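Observations on the three-dimensional arrangement
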Amino acid sequence: MADKKTILEDLKKSIETWNPQKAKDATNAAVAAGMSVAEIIGDGLGKGMEVVGVRFDKAEIYLPQVVAASKTMTAALEILLPLISKGEGSLKGTVVMGTVEGDIHEIGKNVCVAMLQGAGYNVIDVGCDVSPQAFLDAADENEAQVIGASALMTTTLEIQKELVDAIKEVEASYKCIVGGAPCSREWAKEINADGYSETANEIIGLVASLVE
Ligand code: B12
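Residues numbered from 1 in each chain as written. Predicted model: local features only at pLDDT ≥ 70, side-chain atom pairs only at ≥ 80, totals over all residues. Heavy atoms only, no water.

Counting 41 residues, the largest nonpolar core has Ile41, Leu45 and Val207 as its most contacted members. Among the elements of the structure, helix 1 (4-16), helix 2 (20-32), helix 3 (37-57), helix 4 (63-80), strand 1 (94-100), helix 6 (107-118) and helix 10 (200-210) are those that each provide at least two residues to this core. Not counting residues up to four positions away in its chain, the partners in contact with isoleucine 41 are Gly46, Lys47, Met73, Leu77, Leu80, Val111, Ala114 and Met115. Counting residues in hydrophobic clusters, the runner-up holds 25 residues, among them Val130, Val164, Tyr174 and Ile191. (Core = buried A, V, L, I, M, F, W, Y, C linked by side-chain atoms within 4.5 Å. Buried < 20%, exposed > 50% of the residue type's maximum accessible area, 1.4 Å probe, protein only. Helix = DSSP H or I, 4+ residues; strand = E, 2+ residues; numbered from the N terminus. Contact = heavy atoms within 4.5 Å.)

Here it is as structure tokens:
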């Protein structure tokens, strides 16, 4: 059996080379080796996606490759999601996760969803292009403790602020955390969000600190 380091490298490489078969093989190998979902995504697949993002920024690769990498990620997540125990989640708390209105980037949000599910949370994935009101409705319907809003464009960061304002206005009890590449700790503070994390790895600790 391959060692952990090799498996993590294979997971990362499979996304970087947008190779779904390699991603599925490496994910199955990781599961067989007893690795946790958080480790597989956080230290393997997610790292590959970070590289894809950076290479796209440098114009070393183009949109079709990014889409192929995103499909590769989905193929791997399909293996992992059924392994996540849902029952335990309701004990830990409920989180509504989505990407804000006007923004269709969902890969990072999906990674966060998978990480939180892997950690035992009940996650309501409201998808992308979600209005502040739709976030609030989902949180009310599901009695969520936390809303997580992703924004990947400087133009859609403003919607995170609108969401936080909308929550404060109705004096709802749930907390709001924000993230996404252009988002920062400073921005989260400026808009009075309850938390920020740079990566999906840190989101588990962040949510745990808010759900007590
Ligand atoms: C993949 C991608 C796409 C894909 C999206 C596929 C999909 N299904 O999601 C496609 C090809 C569709 C796309 C489209 C567009 N894109 Co695009 N895209 C990217 C790219 C290359 C990578 C994003 C990504 O998936 N990263 C990998 C994930 C894992 O990282 P992440 O999202 O940052 O998430 C991590 C953390 O931020 C955090 N996190 C994320 N969300 C949250 C939420 C919470 C609550 C928390 C706590 C943490 C957290 O955890 C994640 C895991 O660690 C970025 C470049 C970049 N470097 O970001 C451009 C980028 C975001 N895109 C950009 C643009 C402009 C567009 C388009 C407008 C292009 C166009 N001209 O058509 C459209 C968007 C249309 C729209 N209305 O949304 C720009 C935005 C520029 C800006 N204004 O800020 C970028 C920065 C590229 C660039 N340099 O120009 N894109």
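Turning our eyes to something else, we now look at the site of the ligand. In the vicinity of the ligand lie 30 residues, with Asp57, Ile104, His105, Glu106 and Ser150 positioned nearest. Contact between the ligand and isoleucine 104: an oxygen atom at 2.8 Å from a main-chain N or O atom of the residue. With respect to the ligand, the side chain of serine 150 contributes an N or O atom lying 2.7 Å from a nitrogen atom. Of all the secondary structure elements, the ones that give two or more residues to the shell around the ligand are helix 3, helix 4, helix 6, strand 3 (146-150), strand 4 (175-179) and helix 10. Of the residues that constitute the shell around the ligand, the class distribution is 15 nonpolar, 11 polar and 4 charged. (Near = heavy atom within 4 Å. Polar contact = N/O pair within 3.5 Å; in protein donor to acceptor, adjacent residues only side chain to side chain. Nonpolar A, V, L, I, M, F, W, Y, C, P; charged D, E, K, R; others polar.)

What follows is about the domain arrangement of the chain. Taken domain by domain, the chain consists of domain 1 (4-83) and domain 2 (89-210). Between domain 1 and domain 2, the C-alpha centre-to-centre distance is 23 Å. Of the residues lining the interface, 11 residues belong to domain 1; the matching set on domain 2 comes to 9 residues. Of all residues in domain 1, Ala38, Ile41 and Leu81 bury the most surface against domain 2, accounting for 40% of the area lost on that side. Counting across the domain 1 and domain 2 interface gives 0 residue pairs in polar contact (both at pLDDT 80 or more). Among the elements that make up the side of domain 1 that touches domain 2, the one with the highest residue count is helix 3 (7 residues). Classifying every residue of the side of domain 1 that touches domain 2 gives 7 nonpolar, 2 polar and 2 charged. (Domains from an automatic or database assignment. Buried area = accessible area lost by both parts, 1.4 Å probe.)

This next bit is on the side chain of lysine 109. Relative to the assigned elements, lysine 109 resides in helix 6. The buried category is assigned to lysine 109, whose relative accessible area is 2%. Those residues within four positions of lysine 109 in sequence are excluded, and the remaining contacts are Met97, Gly98, Thr99, Asp125, Gly127 and Ser150.

Below, the discussion takes up the packing of helix 2 against helix 4. Their axes nearest at 8 Å, the elements helix 2 and helix 4 cross at an angle of 30°. Here helix 2 lies roughly parallel to helix 4, going by the angle between them. Regarding helix 2 and helix 4, the two cross each other, and that crossing is right-handed. Here helix 2 contributes Pro20, Ala23, Lys24, Thr27, Asn28 and Val31 to the contact with helix 4, which in turn contributes Thr72, Ala75, Ala76, Ile79 and Leu80. Partitioned by chemical class, the residues of the contact of helix 2 with helix 4 number 7 nonpolar, 3 polar and 1 charged. (Axes fitted to C-alpha atoms, helices over the stretch in contact; angles between N-to-C directions. Parallel < 35°, antiparallel > 145°, perpendicular 65-115°, else oblique. Left-handed = near helix turned anticlockwise from the far one by under 90°.)

What follows deals with the coordination of the cobalt atom of the ligand. Exactly one donor from the protein chain reaches the cobalt atom of the ligand: His105 (NE2), at 2.2 Å. Mapped onto the elements, histidine 105 comes out in the loop between strand 1 and helix 6. (Donors = N, O, S within 2.8 Å, 3.2 Å for Na, K, Ca; no water.)

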